[in-house]
Amino acid sequence: MNPGRRRFIEFGGRLIGAAALGGVGWRVFGGADPEAEFSQPKRPYVWRINTDKCTFCGKCETACVRNPSAVKAVNDQVKCSYCVACYGHLAELTISSDKINSEGKRVCPYDAVLRKEFGGGKDGYHLYTIDQEHCTGCGKCTKRCNELGTKSMFLVIRPELCIGCNRCAIAAVCPDHAIELVHCYPEDDYRGDFELDQELKRMEEADMGGMEDAQSGEKS
Ligand code: SF4
Ligand code: SF4
Ligand code: SF4
């Protein structure tokens, strides 16, 4: 091969490699733009937490390569009992219902378990949701809910926040082996079919354009 051409190809290869590494580095350390994350290429797999195995040890908060962690708590509203005083919300449950909002000591260090009156007044039903922006995935609320309550709170790896490391840093330290890699869709993800549809559409449009050109030619 011509030495000039070889140097050009080697240089191009290094540039592509540097750009790829830079992109990953930016996403990991640079506080990624949430809009940009939605435009990431679709991956055929996701990391997830097996809720049957997780014991809410707290490692999910700090082991994730993202800061804050891609792990967040959620509350399954179907399982939740809408209690006046929630184990995942209040550290001390004996407090009277009219004092909960003003004096109750919270389980969450960031007050990210939100409580809202749902019906029946102060002693009625209450809705508990997790403020995803402030939750760090520490697992304190989920642990309490699972040990003492209805097990409606649990931890998830949010797919739009996870950057899909080849080897999840949390999986490497999880004492319960609760982090699993799962395929999002079958190996034949029908992407081939989609591309074929697009190609047929392009051909159809090209044919239509040709016919219109021919018709305007006949008229003139
Ligand atoms: S590291 Fe494992 S056990 Fe600990 S909170 Fe995360 S998933 Fe649960
Ligand atoms: S206690 Fe921890 S896991 Fe629960 S909402 Fe607060 S930060 Fe999130
Ligand atoms: S794959 Fe990476 S970004 Fe996703 S949860 Fe694991 S460590 Fe965090």
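Residues numbered from 1 in each chain as written. Chains lettered and ligands numbered in written order. Predicted model: local features only at pLDDT ≥ 70, side-chain atom pairs only at ≥ 80, totals over all residues.

S.K.: Any chance you could explain the site of ligand 3 here in plain terms?
M.R.: Lining the immediate surroundings of ligand 3 are 13 residues, of which Cys64, Cys162, Cys165, Cys168 and Ala169 lie closest. When grouped by side-chain class, the residues that make up the shell around ligand 3 number 11 nonpolar, 1 polar and 1 charged. (Near = placed C-beta within 6 Å. Nonpolar A, V, L, I, M, F, W, Y, C, P; charged D, E, K, R; others polar.)

S.K.: Would you mind showing me how to read helix α5 (residues 140-148) here?
M.R.: Since there are 3.6 residues in each turn of an α-helix, residues three or four apart along the chain are aligned in direction. Counting buried positions along α5 gives 7 out of 9 residues, so the element sits mostly inside the fold. Residues Lys140, Cys141, Thr142, Lys143, Arg144, Cys145 and Asn146 constitute the buried set of α5. Contacts from the buried residues of α5 go to β2 (71-75), β3 (113-119) and β5 (153-157). (Buried ≥ 20, exposed ≤ 12 C-beta atoms within 10 Å, placed from the backbone. Helix = DSSP H or I, 4+ residues; strand = E, 2+ residues; numbered from the N terminus. Contact = placed C-beta atoms within 7 Å.)

S.K.: Honestly, the environment of Pro109 in this entry has me stumped. Any pointers?
M.R.: Considering the arrangement of structural elements, one finds Pro109 in the loop between α4 (100-103) and β3. Among the residues examined, Pro109 registers 11 C-beta atoms within 10 Å and is labelled exposed. Sequence spacing of Pro109 and Cys138 is 29 residues, and the spatial spacing of their C-alpha atoms is 9.1 Å.

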